[in-house]
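One letter stands for each residue in the lines below.
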Amino acid sequence: MSRTPPTHRRRRRRSVLIAGAAVGAAAMTLTTLGFASADEADNQPMARVDNPYAGAQLYVNPDWAANATEGGGAAIADQPTAVWLDSRAAITGGSAGNSTGLREHLDNALEQGADAIQIVTYNLPGRDCAALASNGELGPNDIDIYKTEFIDPINEIVSDPKYAELRIINIVELDSLPNLVTNVGSRPTATPECDEMLANGNYVKGVGYNIATLGDNENVYNYIDIGHHGWIGWEDNFQASADILFEAANAEGATPADVAGFAANSANYGALVEDHFSITDTINGQQIRGESSWIDWNNYIDEQSFAQAFATQAAPAAGFPSGLGVIIDTSRNGWGGPDRPTGPGPQTSADEYVDGGRYDRRIHLGNWCNQSGAGLGERPQASPAPNIDAYTWIKPPGESDGSSEEIPNDEGKGFDRMCDPTYEGNPRNNNNMSGALPNAPLSGHWFQAQFEELLANAYPPL
Ligand code: BGC
């Protein structure tokens, strides 16, 4: 495999960024389906851009669109969602109940006249080391299989000159590197599986190989996962996460130039912006930051402030070039519907003030599986705020986070009790109830009852 010398891969300065205001739902519809793009024939690599979302029409995954339409979501079925490559078989045969392979998705994207497609590469050895619902097919030591049977075959397809004009946004291995910071060693949240993945280095190597290999293509934009504010927002986790990302960005042939940006809140539920309280507020002379059990000394109260601080502080401090943007998964963080607070909570105590005003209505910030009460969040859009490349739908709304009881399967998926509504929790959610919806199918499979709730609680409303 030939590597493009780093000098060919210089980025444009952020100052030339054109705001993506024109990228609205209309530009993302399927109206061009069936027509080949006029530029398709020349196969010339596109100029590298700072923000691959800006001004771009994004690919609408027809598998998800069909599920959404059938599930009563015709109003949002024209929205772009990411295509998940969650196993070797998914490369050619689709994943979790869908049958479309990567090449077919790329061909569809050309037919749609799309400028960009989002893929999630999600198959690390020993995947999902702090949970069970998305354990994968590869064992902790299968790094060579990851390289040669997962990343290399993806690269073979992606590097086909036929797709050279399509921006391929690669969202890299969710939940992996943050797990190596928070769920290891002497922390009460540690798991033996995460300790093993830290010790054998295979998450770091896998991410490095992933971005180095796919990043050789001028049209690939790698976004590395940074968890979410309710995980990485605490002092002890914040810089340490940026540091381990930087280590991965220099592993297995990768360089920081292989990183286009970061992905926050992927498949999670953190509110985008909490309007009714701020981290510096005090109630009865006491800082809510320490006094409210919801905030519990976190430095951030929402995804956007966390993402912006990561991009402007933690990432440059770790060694990344400044100006890298963050994409925020807004597929399920809307928290609308009748229970959405319309103003601040009472100033009686820090807890009542924060709990009465917060949009995020989870029982605990650490809850992550099929959260009851959630709604669709902001519709996908480019450049919505400083340092934010896009609000985007990484987790396709309506696809389960995990089964609420054990379901035998051949996808490597385990049963995580965080998906069981009767579960009373573990140290990672401070021993709270899971807040999960009942009767959920395996992760990735269509969960109609959840989809209906997401539609009903959408914010902005549909
Ligand atoms: C599952 C994947 C699925 C993805 C998107 C993950 O939780 O493990 O199989 O493709 O969600 O729904």
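Cut-off values and rules
Residues numbered from 1 in each chain as written. Predicted model: local features only at pLDDT ≥ 70, side-chain atom pairs only at ≥ 80, totals over all residues. Heavy atoms only, no water. UniProt positions renumbered as here; feature names shortened; annotations may be inferred. Helix = DSSP H or I, 4+ residues; strand = E, 2+ residues; numbered from the N terminus. Buried < 20%, exposed > 50% of the residue type's maximum accessible area, 1.4 Å probe, protein only. Contact = heavy atoms within 4.5 Å. Areas by Shrake-Rupley, 256 points an atom, 1.4 Å probe, with all protein chains shown as cover. Pairing = 2+ DSSP bridges. Axes fitted to C-alpha atoms, helices over the stretch in contact; angles between N-to-C directions. Near = heavy atom within 4 Å. Polar contact = N/O pair within 3.5 Å; in protein donor to acceptor, adjacent residues only side chain to side chain. Nonpolar A, V, L, I, M, F, W, Y, C, P; charged D, E, K, R; others polar. Core = buried A, V, L, I, M, F, W, Y, C linked by side-chain atoms within 4.5 Å. Arc of directions from axis to C-beta. Phe/Tyr/Trp six-rings, centres within 6.5 Å; stacked < 30°, edge-to-face > 60°. Lys NZ or Arg CZ within 6 Å of the ring centre and 35° of its normal. Disulfide = S-S within 2.5 Å. Bend = angle between axes of the 7 residues up to and from the residue. Salt bridge = Lys/Arg side-chain N within 4 Å of Asp/Glu carboxyl O.

Going by the annotation in an unreviewed UniProt entry, the name recorded for the protein chain is Glucanase, with Streptomyces litchfieldiae given as the source organism. According to UniProt, the comment filed for the protein chain under the heading Sequence similarities (unreviewed entry) is "Belongs to the glycosyl hydrolase family 6."

Draft legend 1. Region of the structure containing the overall build of the protein chain. Scanning the protein chain from N- to C-terminus turns up 13 helices and 10 strands. The buried share of the protein chain, reckoned over its 462 residues, is 59%. Looking at the protein chain alone, contacts between residues at least 24 apart form 79% of all its contacts between residues at least 6 apart. Approximately 17100 Å² of the protein chain is accessible, and the part contributed by carbon and sulfur atoms is 51%.

Draft legend 2. View of the sheet that holds strand 8 (residues 325–329). As summarised here, the arrangement of the eight strands in space is 1-2-3-4-5-8-10-9, forming an open sheet in which the pairing is mixed. With one partner strand each, in any of the chains shown, strand 1 (83–85) and strand 9 (381–385) form the two edges of the open sheet. Neighbour-to-neighbour, the strand axes of the sheet open up by a mean angle of 30°, direction not taken into account. As paired strands, strand 3 (residues 167–172) and strand 4 (residues 220–225) are joined by five bridges and run parallel to one another. Of the residues in strand 4, the one forming a bridge with Asn-170 is Asn-222.

Draft legend 3. How the structure looks around the site of the ligand. As a structural note, the neighbourhood of the ligand is formed by Trp-84, Asp-86, Ser-95, Tyr-122, Arg-127, Ser-134, Lys-395, Glu-399, Lys-413, Ser-443 and Gly-444. Here Lys-395 contributes a side-chain N or O atom positioned 2.9 Å from an oxygen atom of the ligand. Contact distances for the ligand include 2.9 Å between an oxygen atom and a side-chain N or O atom of Lys-413. In isolation the ligand offers 310 Å² of accessible surface; the protein chains occlude 96% of this area. By residue class, the composition of the shell around the ligand is two nonpolar, four polar and five charged.

Draft legend 4. Just the nonpolar core, in detail. In this structure, Leu-177, Leu-245, Phe-262, Phe-310, Phe-320 and Val-326 are the most contacted members of the largest nonpolar core, which totals 72 residues. No other element matches the eight residues that helix 11 (residues 303–318) contributes to this core. Residues in contact with Phe-262, not counting those within four places in the same chain, are Tyr-223, Ile-224, Ile-226, Leu-245, Phe-310, Ala-315, Phe-320, Leu-324, Gly-325, Val-326 and Ile-327. One finds Ala-116, Ile-171, Tyr-223 and Ala-382 within the second-largest nonpolar core, a separate group that totals 20 residues.

Draft legend 5. Up close: helix 13 (residues 448–456). Buried within helix 13 are the following residues: Gln-450, Phe-451, Leu-454 and Leu-455. One side of helix 13 holds all its buried residues, which, seen down the axis, span an arc of 140°.

Draft legend 6. Highlighting the packing of aromatic side chains. Counting across every chain of the model gives 13 aromatic pairs. Ring centres of Phe-238 and Phe-310 lie 5.9 Å apart, and the angle between their planes is 90°; on these two criteria the pair is classed as edge-to-face. Note that Phe-238 is positioned in helix 9 (residues 235–248) and Phe-310 in helix 11, a separation of 72 residues in sequence. For Phe-238, a relative accessible area of 9% translates into the label buried. Taking NZ or CZ as reference, Arg-127 lies 4.1 Å from the ring centre of Tyr-122, over its face. In this structure, Arg-340 is placed above the aromatic ring of Tyr-359, and the distance from its NZ or CZ to the ring centre is 3.7 Å.

Draft legend 7. The state of the cysteines, seen in detail. If you walk through the whole model with that rule in mind, you get two disulfides. A sulfur-sulfur distance of 2.0 Å marks the disulfide that ties Cys-129 to Cys-194. Judged by the sign of its S-S torsion, about 95°, the cystine formed by Cys-129 and Cys-194 is right-handed. Here Cys-194 lies in helix 6 (residues 192–200) and Cys-129 lies in the loop between strand 2 (116–121) and helix 4 (143–158), a separation of 65 residues in the sequence.

Draft legend 8. Region of interest: helix 11. Helix geometry: helix 11 is bent most strongly at Phe-310, by close to 45°. Among the residues of helix 11, those classed as buried are Glu-303, Gln-304, Phe-306, Ala-307, Ala-309, Phe-310, Ala-311, Ala-314, Ala-315 and Ala-318. Looking at the residues trailing helix 11, positive phi occurs at Gly-319, about 125°.

Draft legend 9. Examining the pattern of salt bridges more closely. Under the defined criterion, the tally for this structure stands at 11 salt bridges. Between Asp-401 and Lys-395 there is a salt bridge; the shortest N-O distance is 3.7 Å. Its relative accessible area of 6% is what places Asp-401 among the buried residues. A single network of salt bridges, built from pairs that share partners, joins Arg-88, Glu-137 and Glu-149.

Draft legend 10. Main features of the pairing of strand 2. Summarising burial for strand 2: six of the six residues are buried, a large majority. Alternating residues of strand 2 divide into Ala-116, Gln-118 and Val-120 and Ile-117, Ile-119 and Thr-121, and every residue in both groups is buried. Note: strand 1 against strand 2, three bridges, orientation parallel. Residue pairing across strands places Leu-85 opposite Thr-121, the latter belonging to strand 2. Relative to strand 3, strand 2 runs parallel, the two sharing six bridges.

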